[in-house]
Amino acid sequence: MYKIVGHVIKVSVRNLVEFILRSGNIDNTQAASGDADAMQEGNRLHRKIQKRMGSEYQAEVSLSITVPAFTLDEEYSLCVEGRADGIIHTSKLNEENNLYENIVMIDEIKAIYMELSFLKEASPVHLAQAMCYAYITAKNENLDSIGVRMSYCNIETEQMKYFEETYSYSYLETWFQKLTSEFAKWMEWQCTWIQERNNTIKGIEFPFPYREGQRDLVTGVYKTIIRDKKLYIEAPTGVGKTISTVYPAVKAMGEGYSNKIFYMTAKTITRTAAEDTFALLKEKGMKLKVTTITAKDKFCILEKTECNPGACERAEGHFDRVNDAVYDLITHEDSITRDLLLEYAAKHRVCPYEMCLDVTSWSDAVICDYNYVFDPNVYLRRFFAGETKNDYIFLIDEAHNLVDRAREMYSAELFKQHFLDAKKVAAGYSKKLTKRLEACNSSMLKLKRECEEFEVIENVGDLALHLMRLLTEIEEFLAEWKNFENQDIIFELYLQIRHFMNMHELLDENYVIYTDYEEREGFRVRLQCMNPAKNLAACLAKGKSAIFFSATLLPIHYYKDQLAGSEEDYAIYAPSPFDKDKRLLVIGNDVSTKYTRRNQSEYEKMASYIIELSKAKVGNYMAFFPSYQMMNEVGRILEGKMHMGEFKAQLDLQHNAMTEREKEQFLEDFVENPEETRIGLCVMGGIFSEGIDLRSNRLIGVVIVGTGLPMVCNERELFRSYYDEQNGNGFDYAYLYNGMNKVLQSAGRVIRTQEDCGVIVLLDERFMNRQYQNLFPREWFPHEVTAYSKFESVVSEFWENVTTMDKVN
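Residues numbered from 1 in each chain as written. Predicted model: local features only at pLDDT ≥ 70, side-chain atom pairs only at ≥ 80, totals over all residues. Heavy atoms only, no water.

*Asks:* Let's hear about the overall build of the protein chain: which residues, and what values?
*Replies:* Each helix and strand in the protein chain was counted, giving 27 helices and 26 strands. Over its C-alpha atoms the protein chain spans a radius of gyration of 31 Å, differing by no more than 12% from the 28 Å that the globule rule assigns to 809 residues. Viewed in the frame of its principal axes, the protein chain has a C-alpha envelope of about 115 × 70 × 50 Å. A buried classification covers 54% of the 809 residues belonging to the protein chain. Looking at the protein chain alone, contacts between residues at least 24 apart form 77% of all its contacts between residues at least 6 apart. (Helix = DSSP H or I, 4+ residues; strand = E, 2+ residues; numbered from the N terminus. Rg over C-alpha atoms; globule rule 2.2 N^0.38 Å. Buried < 20%, exposed > 50% of the residue type's maximum accessible area, 1.4 Å probe, protein only. Contact = heavy atoms within 4.5 Å.)

*Asks:* Lay out the nonpolar core with the relevant residues and their values.
*Replies:* If you look at the biggest cluster of nonpolar residues, it comprises 188 residues, and the most contacted ones within it are Met355, Phe374 and Met622. When residues no more than four places from it in sequence are discounted, the contact partners of phenylalanine 374 are Met264, Tyr379, Leu402, Met409, Tyr410, Leu536, Cys539 and Leu540. Counting 37 residues, the second largest nonpolar core, distinct from the first, contains Val591, Ala607, Ile610 and Met631. (Core = buried A, V, L, I, M, F, W, Y, C linked by side-chain atoms within 4.5 Å.)

*Asks:* Residue-level account of helix H19 (residues 533-540), with values.
*Replies:* If you check which residues of H19 are buried, you get Ala533, Asn535, Leu536, Cys539 and Leu540. The buried residues of H19 occupy an angular sector of 165° when projected down its axis, which confines them to one face. (Arc of directions from axis to C-beta.)

*Asks:* Can you lay out the sheet that holds strand S18 (residues 545-550) for me, pointing to particular residues and giving the numbers?
*Replies:* The strands that make up a sheet pair up through hydrogen bonds in the backbone, lying either parallel or antiparallel. On the basis of which strands lie adjacent, the open sheet formed by eight strands has the order S11-S10-S12-S9-S13-S18-S8-S19 and parallel pairing. Of all strands in the sheet, those bounded by a partner on one side alone are strand S11 (335-336) and strand S19 (570-573). As defined by bridge partners, strand S9 (residues 260-265) adjoins strand S12 (residues 365-369) across five bridges and the pair is classed as parallel. Opposite threonine 265, over in S12, you have aspartate 369 as the bridge partner. Contacts from helix H7 (residues 268-283) reach S9, strand S10 (290-292), S11 and S12, with the element oriented near 170° to S12. (Pairing = 2+ DSSP bridges. Axes fitted to C-alpha atoms, helices over the stretch in contact; angles between N-to-C directions.)

*Asks:* Explain the pairing of strand S25 (residues 758-763) residue by residue, including any values.
*Replies:* Most of S25 sits out of view: six of its six residues are buried. Burial along S25 is two-sided: Gly758, Ile760 and Leu762 facing one way and Val759, Val761 and Leu763 facing the other are all buried. As paired elements, strand S20 (residues 583-588) and S25 share six bridges and run parallel to each other. By the bridge assignment for S25, glycine 588 is matched with leucine 763. Looking at chain direction, strand S24 (residues 701-705) and S25 are connected through five bridges and run parallel.

*Asks:* Explain the pattern of salt bridges to me, using residue names and the numbers behind them.
*Replies:* Enumeration over the complete set of coordinates arrives at 42 salt bridges. Between glutamate 18 and arginine 14 there is a salt bridge, with its nearest N and O atoms 2.9 Å apart. Of the two residues, glutamate 18 and arginine 14 are both situated in helix H1 (residues 13-20); the distance of four residues between them amounts to about one turn of the helix. Looking at glutamate 18, the relative accessible area reads 31%, which means it is partly exposed. (Salt bridge = Lys/Arg side-chain N within 4 Å of Asp/Glu carboxyl O.)

*Asks:* Lay out the packing of aromatic side chains with the relevant residues and their values.
*Replies:* One pass over the structure, following the stated rule, counts 53 aromatic pairs. Where tyrosine 135 meets phenylalanine 176, the ring centres are 4.7 Å apart and the plane angle is 25°; that geometry is what we call stacked. Pair noted here: tyrosine 135 is in helix H3 (residues 124-140) and phenylalanine 176 is in helix H4 (residues 169-202), with a separation of 41 residues, a long-range link. One exposure class covers both tyrosine 135 and phenylalanine 176, and it is buried. (Phe/Tyr/Trp six-rings, centres within 6.5 Å; stacked < 30°, edge-to-face > 60°.)

*Asks:* Lay out helix H22 (residues 628-643) in plain terms, naming residues and giving numbers.
*Replies:* Here H22 spans 22 Å end to end across 16 residues, near enough to the 22 Å set by a 1.5 Å rise per residue. Of all the positions in H22, only Met630, Met631, Val634, Gly635, Ile637, Leu638 and Lys641 are classed as buried. Projected down its long axis, H22 carries its buried residues within an arc of 165°, all on one side. Just downstream of H22 lies glycine 645, where phi reads positive at about 85°. (Expected span 1.5 Å × (residues − 1).)

*Asks:* Tell me about a negative patch on the surface, and please be specific about residues and values.
*Replies:* A surface patch of like charges, here negative, comprises Glu450, Glu452, Glu453 and Glu455. The topology assignment puts glutamate 453 in the loop between helix H16 (431-449) and strand S15 (454-457). (Patch = residues over 30% accessible without salt bridge, like charges linked within 9 Å, V, L, I, M, F, W, Y side chains within 5 Å. Areas by Shrake-Rupley, 256 points an atom, 1.4 Å probe, with all protein chains shown as cover. Lys, Arg positive; Asp, Glu negative; His and termini not counted. Charge placed at Lys NZ, Arg CZ, Asp CG, Glu CD.)

*Asks:* Hey, could you go over the side chain of threonine 593 for me, with residue numbers and the actual values?
*Replies:* You can see threonine 593 is positioned in the loop between S20 and helix H21 (600-616). A polar atom in the side chain of threonine 593 sits 2.4 Å from the side chain of aspartate 764. Leave out the neighbours within four places in its chain, and threonine 593 touches Arg598, Met606, Met630, Val705, Gly706, Thr707, Leu763, Asp764 and Arg766. (Polar contact = N/O pair within 3.5 Å; in protein donor to acceptor, adjacent residues only side chain to side chain.)

*Asks:* Please set out the confidence of the model for the protein chain residue by residue, giving values where relevant.
*Replies:* This prediction gives the protein chain a mean pLDDT of 93; 98% of its residues lie at or above 70. Between residues 33-37, whose pLDDT stays under 50, and residues either more than four places distant or in other chains, the model counts nine contacts. (pLDDT = per-residue confidence, 0-100.)

Written as structure tokens, this is what we have:
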């Protein structure tokens with residue numbers, strides 16, 4: 001929004017007026033075209049309109065003015081700058097004195113999707129931009145008065161509508177001084193805070209004794225940041241990767257290399273770990289404003305999220321009050337959590353979610369999901385909408401998750417049935433909209449007739465053109481009809497088409513288009529992002545440096561390839577701090593989970609391994625399976641053997657669609673120092689295989705059944721053939737790396753701290769193959785290989801040795 005250079009604060013005219021003068025309601029019933037759409041088309045129309053103006057029209061005039069702002073250690077000034085679309089210099093005969101007078105007018109062009117008949121007056125914010133240019137021009141040219149013309153152009157029809165006004169210089173001067181003095185209040189607070197923040201950061205030391213390799217990790221992160229590079233870190237559990245990335249990032253901020261840190265994560269538990277790490281540094285004396293963004297539905301005060309004045313009292317007049325709410329919060333709080341935001345939002349009667357997004361503009365660190373930086377529909381436009389490079393530091397936790405997440409973010413799909421559903425809704429309101437929907441449905445029908453089951457296609461034919469026309473028609477329809485039955489069907493389709501067309505603009509060699517039949521929704525056309533690296537790189541280019549880290553970032557060359565790495569970027573493999581004698585890794589080489597070998601005999605063998613492991617020592621155990629079907633089969637065998645008295649344990653099975661409370665209870669039952677054995681059966685890649693932290697002896701053993709390879713399906717085979725063509729590693733990219741990541745994550749549930757002891761059992765003969773062992777982390781060597789007949793003695797010997805070590809210590 002602004003940039004501080006020495007003692008000069010630079011802000012654009014647009015950002016200034018959009019921040020200080022915003023007003024009105026939150027209203028999700030209004031379809032608003034994306035900034036990128038309007039900007040691209042708007043630029044074209046700007047040039048077209050400007051070209052047809054006469055010689056008196058001066059286009060794209062850069063203007064700026066610097067005014068005193070406030071005084072701290074020295075005087076700070078505010079530089080307001082921008083570019084007027086046009087300045088018109090003409091003359092007009094004054095009939096009273098028969099002399100020609102010079103007339104100067106500022107022309108501000110706005111390209112919009114709205115039907116111009118609905119536009120009754122100029123937008124206050126748009127007009128304010130023009131008034132800023134008018135004041136600067138009047139001051140520069142010593143004018144007593146100046147005209148302002150707002151020129152609105154409909155993007156589809158190119159029709160024009162004008163609003164004109166004349167202002168005296170004295171009026172504009174008073175108005176502009178009030179505008180800039182209000183902004184100076186915020187800037188004075190911000191500059192004071194930055195000085196205080198940086199002074200406290202300089203005195204902060206690393207809060208722990210460095211573990212083996214940790215100092216190198218911290219140094220590597222710091223150097224990467226100051227060199228504007230990217231770093232990829234494979235950091236086993238226990239290395240302290242959160243503090244090892246946050247600390248050097250904060251130190252770089254204190255040295256002036258950055259003014260904002262984005263800590264991104266995919267799961268709540270890693271978000272909590274980030275909050276705890278920043279809190280730890282604050283306990284040591286550091287001052288930092290840290291805001292955690294929570295999902296909108298977790299913030300919403302309504303049972304169903306309805307962001308409009310008709311449904312939510314907070315939506316009405318939200319923008320009239322939100323600046324006061326934000327200023328109140330940032331001047332009184334540092335650790336800005338969901339609960340604090342709810343409290344201040346209630347005090348000022350504003351939407352807590354929208355307020356949270358505004359607070360991030362004044363935060364030093366933002367903890368958020370990947371979406372808020374990378375997702376083209378959700379990203380924080382206030383930071384990432386333009387092409388400007390800023391000094392942001394990106395810390396990407398559990399970065400292995402970003403590959404699939406990014407592929408999904410940059411893919412898009414449309415279902416034929418959705419057009420028919422929307423047509424039924426529109427039929428009673430608009431023949432024009434119904435006709436546009438029919439045209440899109442016809443295009444989809446053509447594609448459907450050419451698809452028996454799964455079809456890769458070169459392009460979507462005339463569908464794209466019909467979709468563009470439909471978008472405009474829906475916008476006009478929603479502007480006319482505010483509330484009607486099944487409105488959500490039209491609006492959801494609108495959002496899907498918008499995303500589809502945005503992704504259609506990105507189509508290149510990193511995409512494949514296909515059609516198929518989805519089980520529930522029927523025929524669809526999908527734009528599948530195969531490699532998200534290019535799209536991610538565009539996002540990362542808007543910051544200074546990016547640090548990707550995970551306990552399972554293997555092989556690093558694959559993640560660098562998918563996560564926008566280059567030859568100039570760095571990679572670090574952090575050594576594990578754990579005592580290998582406290583961990584037993586066993587491969588059971590007489591078990592197979594291949595589809596051709598899945599039978600009762602194999603399930604019995606899997607159950608036997610689990611039983612023997614649990615009988616060796618009373619404690620808590622988890623077993624991870626490649627599917628619910630296999631998990632349930634083995635679960636039935638275990639229940640039968642328990643019923644027969646062959647062993648004793650509490651048995652818990654993960655089930656589909658568990659509630660939040662059921663998930664919490666499942667984990668809470670894994671208590672410390674249990675008096676009886678508990679076995680949890682879970683699915684690999686599911687909610688319990690990643691992001692849970694059962695420390696000490698809350699978990700002392702895991703059994704991982706199978707290699708975690710995804711099921712063979714059309715989409716996976718698409719990836720396989722695509723990467724076979726790209727680099728000859730189709731199987732690895734489509735199946736192997738994905739599967740082994742699930743294995744590594746599941747194994748990481750046991751042994752979370754240096755004091756923990758535990759057993760990891762890998763059940764599948766394929767773990768003996770080189771292609772799998774090449775993906776084992778270094779700390780998995782050496783390991784034991786055994787058949788079931790010797791498994792009991794291997795495990796018993798391990799626990800005996802642990803007991804002996806404990807006695808010695």
